[in-house]
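So you can see what is in the structure, the chains are spelled out below.
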Amino acid sequence: MRVALYPGTFDPITLGHIDIISRAAVMVDKLVIGVAINRDKGPLFPLEERVEMVEYECIALSEKTGTQIVVHPFENLLIDCAHDVGAQLIVRGLRAVADFEYEFQMVGMNRALDASVETVFLMADARRQAIASKLVKEIARLDGDVSKFVTPRVNEALQRRLGKR
């Protein structure tokens, strides 16, 4: 069974994330979405809500692709999370050259920890390259329209969390 891990904070999950998830799902039998706890980033949404949003958004993708998609919160090293879920692949999305520089370093460190776990990069769809959770939150905080960047359900959650509705 081919198992991949797609890690991230998903604070919140965006259409860019969903694009990567849908494309990765057709490559493997099981796709684990690793939701990083990452207290240093100071997420807007608590872990439980981020997990629930990712699970909800992945239901239709799992049905469409026939791939088992599982959401797994984690707070340990990425390579240890890959071991925990039995992943042979780590999936990373790239939006720009700046992403590649950081990811290149991460791959090197992960390979030094365990060379048997491979990293696969997927380029963001051109229509989704500018989407970043950090920017989505900033736009929403300033009363901007984020409906082009997130699903309606995530948009509603953002509005509630920011006290806009």
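In case you missed it, the structure is sitting above this.
Because the structure is predicted, anything quoted here is derived from the model rather than measured. (Residues numbered from 1 in each chain as written. Predicted model: local features only at pLDDT ≥ 70, side-chain atom pairs only at ≥ 80, totals over all residues. Heavy atoms only, no water.)

Draft legend 1. Inspection of the sheet that holds strand E4 (residues 89–94) at higher detail. In spatial order, the strands read E3-E2-E1-E4-E5; together these five strands make up an open sheet with parallel pairing. The open sheet has two free edges, formed respectively by strand E3 (68–74) and strand E5 (118–123), since each of these has just one partner strand. Each neighbouring strand pair of the sheet contributes to a mean axis angle of 30°, computed without reference to strand direction. Note that strand E1 (residues 3–8) and E4 share two bridges and pair parallel. Bridging across to E4, Ala-4 finds its partner in Leu-89. (Pairing = 2+ DSSP bridges. Helix = DSSP H or I, 4+ residues; strand = E, 2+ residues; numbered from the N terminus. Axes fitted to C-alpha atoms, helices over the stretch in contact; angles between N-to-C directions.)

Draft legend 2. Broad picture of the nonpolar core. Ranked by internal contacts, the top residues of the largest apolar core, which has 35 residues, are Tyr-6, Ile-13, Ile-21, Leu-31, Ile-33, Val-54 and Ile-69. Secondary structure elements with two or more residues in this core: E1, helix H1 (15–25), strand E2 (30–36), helix H2 (47–65), E3, helix H5 (133–141) and helix H6 (152–161). The contact partners of Val-54, leaving out residues within four places of it in the chain, are Phe-10, Ile-13, Ile-33, Val-35 and Val-71. Counting 13 residues, the second largest nonpolar core, distinct from the first, contains Val-32, Ala-36, Ala-87 and Ile-90. (Core = buried A, V, L, I, M, F, W, Y, C linked by side-chain atoms within 4.5 Å. Buried < 20%, exposed > 50% of the residue type's maximum accessible area, 1.4 Å probe, protein only. Contact = heavy atoms within 4.5 Å.)

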